[in-house]
Amino acid sequence: MDSLAKIERCLATEPENKASRAQWERERARLGLPALRWFQYRQNNTGGSFHGPMNVIVQAATGAEANKRGEELAGLYFDGVSSGHDCDCCGDRWYRVWENEEGEAVPSVYDEPVEAGEERLFVYADGWMEGGETK
Ligand SMILES: [Zn+2]
């Protein structure tokens, strides 16, 4: 097992271990993997109501990867109007970030660093989630 996989396993069993998380990021850098960034999704209250947290903030190497992880892990869905889930006068509930978007170094909303909470769900690259749920 390579060291990155070992650290991933360690994070899976100790998800709140921030020291391991920092070590994991250093190991990614050592292996030449892209630095992880944070990508923000802001919920649109389509049909007049919000469902779950206002913001979902996903850690990933690229915007494209963040879109995929957000759908798989955090309950984000895109193109909600065309799929019939969302109101067509209000628009989609969630929008993809641009695939080439740079993201932020730390979880941020409108360029301001934020903490996880009921209105802010963080999705870490290892799958650990912190904060409110998108239900
Ligand atoms: Zn509407």
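Refer to the structure printed above.
A brief look at the structure comes next.

## What about the pairing of strand β2 (residues 55-60)?
Then step 1. In terms of residue burial, β2 counts as a mostly covered element, since six of its six residues are buried.
Then step 2. Neither face of β2 is exposed, since N55, I57 and Q59 on one face and V56, V58 and A60 on the opposite face are all buried.
Then step 3. With six bridges connecting them, strand β1 (residues 37-42) and β2 associate as antiparallel partners. From the neighbouring strand, W38 faces β2, where its bridge partner is Q59.
Then step 4. When β2 meets strand β5 (residues 120-123), the two strands line up parallel, connected through four bridges. Opposite I57, over in β5, you have F122 as the bridge partner.

## A closer look at unusual backbone geometry
Then step 1. A positive phi angle, near 60 degrees, is found at D79, a position not held by glycine.
Then step 2. Residue placement: D79 occurs in the loop between α3 (63-74) and β3 (108-109).
Then step 3. With 13 C-beta atoms counted inside 10 Å, the residue D79 sits in the partly exposed group.
Then step 4. Phi is positive for D111, close to 70 degrees, though the residue is something other than glycine.
Then step 5. Examined against the element boundaries, D111 turns out to sit in the loop between β3 and β4 (112-113).
Then step 6. On the basis of neighbour counts, which here come to 7 C-beta atoms within 10 Å, the residue D111 falls in the exposed class.

## Regarding α3
Then step 1. Where α3 is concerned, the buried positions are A66, N67, R69, G70 and A74.
Then step 2. Where the residues of α3 are buried, they touch β1, β2, β5 and β6 (129-130).
Then step 3. Just past α3, the residue G75 takes up positive phi, approximately 80 degrees.

## Considering the sheet that holds β6
Then step 1. Read from one edge to the other, the open sheet built from four strands follows the order β1-β2-β5-β6, with strand pairing classed as mixed. Strand pairing shows two members of the sheet lacking a second neighbour, β1 and β6, which therefore form its edges.
Then step 2. For β5 and β6, the ladder comprises two bridges, and the chain directions are antiparallel. When the sheet's bridge partners are listed, F122 is paired in β6 with E130.
Then step 3. Here α3 sits on the sheet in contact with β1, β2, β5 and β6, set at roughly 120 degrees to β2.

Analysis parameters
- Residues numbered from 1 in each chain as written.
- Predicted model: local features only at pLDDT ≥ 70, side-chain atom pairs only at ≥ 80, totals over all residues.
- Buried ≥ 20, exposed ≤ 12 C-beta atoms within 10 Å, placed from the backbone.
- Helix = DSSP H or I, 4+ residues; strand = E, 2+ residues; numbered from the N terminus.
- Pairing = 2+ DSSP bridges.
- Contact = placed C-beta atoms within 7 Å.
- Axes fitted to C-alpha atoms, helices over the stretch in contact; angles between N-to-C directions.

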